Amino acid sequence: MKRRTFMQLAGTASLGALASQCSTIAPQESRTATEGETIHMSEVPIRKEWLAGRNQNRSTVAGRHGMICTSQPLSSMAGVEMLKSGGNAIDAAVCASAMMSLVEPMSCGPGGDLFAIVWVEKDRKLFGLNASGRAPYDWNLDAAKALGLDQIPSQGPLAWSVPGCVSGWAALLNRFGSKSFSDILKPAIGYAREGFPVSPIIARSWPFPASYDTLAKTYMPGGKAPEFGDIFCNPALADTFEQIVKGGADAFYRGDIAERIVRFSASVGGKFSKRDFEDHTADWVEPISTNYRGFD
């Protein structure tokens, strides 16, 4: 049985959490008004019927040069700044994803996976990227049954698959990006060291299980989860990102980061080996599609 298939059947959770899901709209060719001319919003392709059921507490946002959508403002701002500095949509998406690793750590991060669907206008083509991690070589259904398991625990070392997120960042940047990891990770590194105010909805989901002392040490300083408005720093994440800046994805899968993960896995009964990380790949795939009334 293929390692990735096994993890899908087992319904496992990865070492961290899933990679951030952010939506990025690339800058479009803009039209500048000629002298004496006004470009009306009616010329912008906004379907007003879509606005009827919107959240009436917020104004609908319309823009011309780009848009970043995430669940945390600092992440969206990082993506916008990447566009303003000359980066393309892929640069902005990866930058926003990296920032999400810091500001919403229970949902996103380099310890998790990444999936992307990318529309490239010049090629008129849709690309799919599966950067999910596989099960360790030394972990399969037979080994699980030998331990008397009839299902894989949803938490803990037996649920860990190889983290695919960083390989996904690298694959996206190498194929479609225009910026380096040095540019992409700079905002997240800065906020990780300086700290940021925890936002309200994310604060409600923040508490990590106290039984995992290594998680609690990082994410619940003083034994308490940060609340809305508290300033949270994560210098260890900044250190990790700086290693990726220097060594690229290889720093994660073939360097000190991988070695530390493997050592920790062994100390708590996990199944990781260095080979699991060295052999990891992100896969470009054909996105699943169907035809409905003439539309694919």
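One can find the structure itself at the top, above this paragraph.
Every value quoted in this text rests on a predicted model; they were computed, and no experiment measured them.

This brings us to the packing of aromatic side chains. Tallied over the entire structure, the rule returns 14 aromatic pairs. With centroids separated by 6.2 Å and ring planes inclined at 20 degrees, the aromatic side chains of tryptophan 160 and phenylalanine 272 adopt a geometry described as stacked. Taken together, the residues tryptophan 160 in the loop between α4 (141-146) and α5 (165-176) and phenylalanine 272 in the loop between α12 (256-267) and α13 (274-278) connect sequence positions 112 residues apart. Like tryptophan 160, the residue phenylalanine 272 is buried in the burial classification. An angle of 20 degrees between the planes, with centres 4.7 Å apart, marks the rings of phenylalanine 208 and tyrosine 219 as stacked. Remark: tyrosine 219 occurs in helix α9 (residues 213-219) and phenylalanine 208 occurs in the loop between α8 (200-204) and α9; sequence separation between them is 11 residues. One exposure class covers both phenylalanine 208 and tyrosine 219, and it is buried.

Of the two faces of strand β3 (residues 114-120), only the one carrying Leu114, Ala116, Val118 and Val120 is buried; Phe115, Ile117 and Trp119 on the other face are not. The pairing of β3 with strand β4 (residues 125-131) spans 7 bridges and is antiparallel. Residue valine 120 lies in a different strand from β4, and its bridge partner there is lysine 125. Hairpin geometry of β3 and β4 is characterised by an intervening segment of 4 residues between the two adjacent antiparallel strands and by a positive phi of about 50 degrees at arginine 124.

The axes of two packed helices give the description: the angle between them and the distance between them. Taken N-terminus to C-terminus, the directions of helix α3 (residues 89-103) and α5 make an angle of 160 degrees; their axes are 9 Å apart at the nearest point. When the axis of α3 is compared with that of α5, the two are roughly antiparallel. Both α3 and α5 take part in a crossing whose hand is left-handed. Where α3 approaches α5, its residues Ile90, Asp91, Val94, Ser97, Ala98 and Ser101 are matched on the opposing element by Trp169, Leu172, Leu173 and Phe176. Residues of the contact of α3 with α5, tallied by class, amount to 7 nonpolar, 2 polar and 1 charged.

Moving on: the pairing of β4. Burial analysis of β4 places 5 of its 7 residues in the buried class, the great majority of the element. One ladder, built from 3 bridges, connects β4 with strand β7 (residues 283-285); its direction is antiparallel. The residue bridging asparagine 130 from the neighbouring strand is aspartate 283, located in β7.

The topology assignment puts serine 265 in helix α12. At 3.3 Å, the side chain of serine 265 and the backbone nitrogen of lysine 271 are in polar contact. When sequence neighbours within four positions are dropped, the list of residues in contact with serine 265 reads Trp160, Gly270, Lys271 and Phe272.

The next thing to look at is the environment of tryptophan 169. With respect to the element layout, tryptophan 169 can be found in helix α5. Under the relative-accessibility criterion, tryptophan 169 is labelled buried at 0%. Counting along the chain gives 79 residues from tryptophan 169 to glycine 248, while the straight-line C-alpha distance between them is 9.9 Å.

Here we take up unusual backbone geometry. Within the chain, arginine 124 stands out as a residue other than glycine whose phi angle is a positive 50 degrees. By the secondary structure assignment, arginine 124 is in the loop between β3 and β4. Residue arginine 293 is not a glycine yet carries a positive backbone phi of 50 degrees. Its place among the elements puts arginine 293 in the segment after β7.

Mapped onto the elements, alanine 238 comes out in helix α10 (residues 235-247). Contact partners of alanine 238, with chain neighbours within four places excluded, come to Ile189, Ala192 and Arg193.

Glancing now at the packing of α10 against α12. Contact geometry of α10 with α12 gives a least axis separation of 10 Å together with a crossing angle of 135 degrees. Considering the angle they form, α10 stands oblique to α12. Residues Thr240, Gln243 and Ile244 of α10 lie in contact with α12, whose contacting residues are Asp256, Ile257 and Arg260.

Conventions adopted
Residues numbered from 1 in each chain as written. Predicted model: local features only at pLDDT ≥ 70, side-chain atom pairs only at ≥ 80, totals over all residues. Heavy atoms only, no water. Phe/Tyr/Trp six-rings, centres within 6.5 Å; stacked < 30°, edge-to-face > 60°. Helix = DSSP H or I, 4+ residues; strand = E, 2+ residues; numbered from the N terminus. Buried < 20%, exposed > 50% of the residue type's maximum accessible area, 1.4 Å probe, protein only. Pairing = 2+ DSSP bridges. Axes fitted to C-alpha atoms, helices over the stretch in contact; angles between N-to-C directions. Parallel < 35°, antiparallel > 145°, perpendicular 65-115°, else oblique. Left-handed = near helix turned anticlockwise from the far one by under 90°. Contact = heavy atoms within 4.5 Å. Nonpolar A, V, L, I, M, F, W, Y, C, P; charged D, E, K, R; others polar. Polar contact = N/O pair within 3.5 Å; in protein donor to acceptor, adjacent residues only side chain to side chain.

So yeah, pure geometry; function would need other evidence.
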